[in-house]
Amino acid sequence: MEMVDPLDIRHGNKILLFLLERGEIKKTDLLEIMSSSDSLSRSLLDLINAGLIESKTEILGRKVILTKLTPLGKKVADQLKKADDILAGYNNRKDQEMASIQPLYNRGKQCYLCRSQNPERAKFCMNCGERLE
Ligand SMILES: [Zn+2]
C-alpha cells in the first residue's frame, strides 16, 4: 500500500484553493504559498495525476508553465472552500462566544470591606463573610 504524506495533501489543498481564487497562473506564482520548489513540483505532479489540475508550457518571451484547475479540480476546490468557510465561521462564532462570556467573569459584586470580587448573585462575601448589597 502506498503511503500518503499528510503534508502533501495539505499542500495539494492549498494549491487547489489558490488556483480557485486566481484562475490560470504561472507555476512560479505558486511559490508564494509553497516554501520549496521541490515540494511544489511533487504536489503539482500528484494533482495532475489525480486529474485535478492541468498544466501547459507556453513561450511568453521565455518558457512559462501555466497551471489551472480541471473541471473535476474545480469541484474539489469548491468543496474545500466550503469546508474552509465553515471552519472559519465556526472559529469566528467561537471568538464571539468567548467575547460575550468574558464580561460575565468580570461582572459581580465587590465587597466594600475587603475589596474581594464576588459573583453577581452572592449575598455574602466569599472572602470575609460581609453582607453584600
Ligand atoms: Zn469581603
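These lines cover the structure that appears in this document, whether it is placed above or below.

What about helix 2 (residues 37-49)?
- The first and last C-alpha atoms of helix 2 sit 18 Å apart over 13 residues, in line with the 18 Å expected at 1.5 Å per residue.
- Taken together, the buried positions of helix 2 are occupied by S43, L44 and L47. The buried residues of helix 2 occupy an angular sector of 100° when the element is viewed end-on, so they sit on one face. Among the exposed residues of helix 2, those pointing more than 90 degrees away from its buried face are D38, L45 and N49.
- Among the residues trailing helix 2, G51 stands out with phi positive, at a value near 75°.

So, the pairing of strand 2 (residues 53-60)
- One ladder, built from eight bridges, connects strand 2 with strand 3 (residues 62-69); its direction is antiparallel. Residue pairing across strands places S55 opposite T67, the latter belonging to strand 3.
- Between the antiparallel neighbours strand 2 and strand 3 lie one residue, among them G61 with a positive phi of about 80°.

Observations concerning unusual backbone geometry
- A positive phi angle, near 70°, is found at R115, a position not held by glycine.
- Residue position: R115 is located in the loop between strand 4 (109-110) and strand 5 (117-118).
- Residue class for R115 comes out exposed when judged on the 10 C-beta atoms lying within 10 Å of it.

Observations regarding the sheet that holds strand 2
- Spatially, 1-3-2 is the arrangement adopted by the three strands of the open sheet, whose pairing is antiparallel. One side of each edge strand has no neighbouring strand; the edge strands of this open sheet are strand 1 (25-26) and strand 2.
- In the packing of helix 2 onto the sheet, contacts are made with strand 2 and strand 3, and the angle to strand 2 comes to roughly 120°.

A closer look at the environment of K123
- Relative to the elements of secondary structure, K123 occurs in the segment after strand 5.
- For K123, a count of 9 C-beta atoms within 10 Å puts it in the exposed group.
- For K123 and E133, which are ten residues apart along the polypeptide, the C-alpha to C-alpha distance reads 7.3 Å.
- The residues contacting K123, other than those within four sequence positions of it, are R131 and L132.

Brief notes about the pairing of strand 3
- Where strand 1 meets strand 3, two bridges bridge the pair, whose relative direction is antiparallel. From the neighbouring strand, K26 faces strand 3, where its bridge partner is L66.

So, the nonpolar core
- Core analysis: the largest hydrophobic core is formed by eleven residues, namely I15, L16, L19, L30, L44, L47, L52, I53, L69, V76 and A77.
- Sorting the residues of this core by element identifies helix 1 (6-22), helix 2 and helix 3 (71-106) as the ones contributing at least two each.
- Excluding residues within four positions of it along the chain, L52 makes contact with L16, L47, L69, T70, L72, G73 and V76.

Here we look at the environment of F124
- Structurally, F124 is set in the segment after strand 5.
- Residues F124 and K109, spaced 15 residues apart in sequence, show a C-alpha to C-alpha distance of 9.7 Å.
- Here F124 is in contact with G129, E130, R131 and L132, once residues within four sequence places are set aside.

Criteria and cut-off values
Residues numbered from 1 in each chain as written. Predicted model: local features only at pLDDT ≥ 70, side-chain atom pairs only at ≥ 80, totals over all residues. Helix = DSSP H or I, 4+ residues; strand = E, 2+ residues; numbered from the N terminus. Expected span 1.5 Å × (residues − 1). Buried ≥ 20, exposed ≤ 12 C-beta atoms within 10 Å, placed from the backbone. Arc of directions from axis to C-beta. Pairing = 2+ DSSP bridges. Contact = placed C-beta atoms within 7 Å. Axes fitted to C-alpha atoms, helices over the stretch in contact; angles between N-to-C directions. Core = buried A, V, L, I, M, F, W, Y, C linked by C-beta atoms within 7 Å.

No statement about biological role is implied by the geometric values presented.
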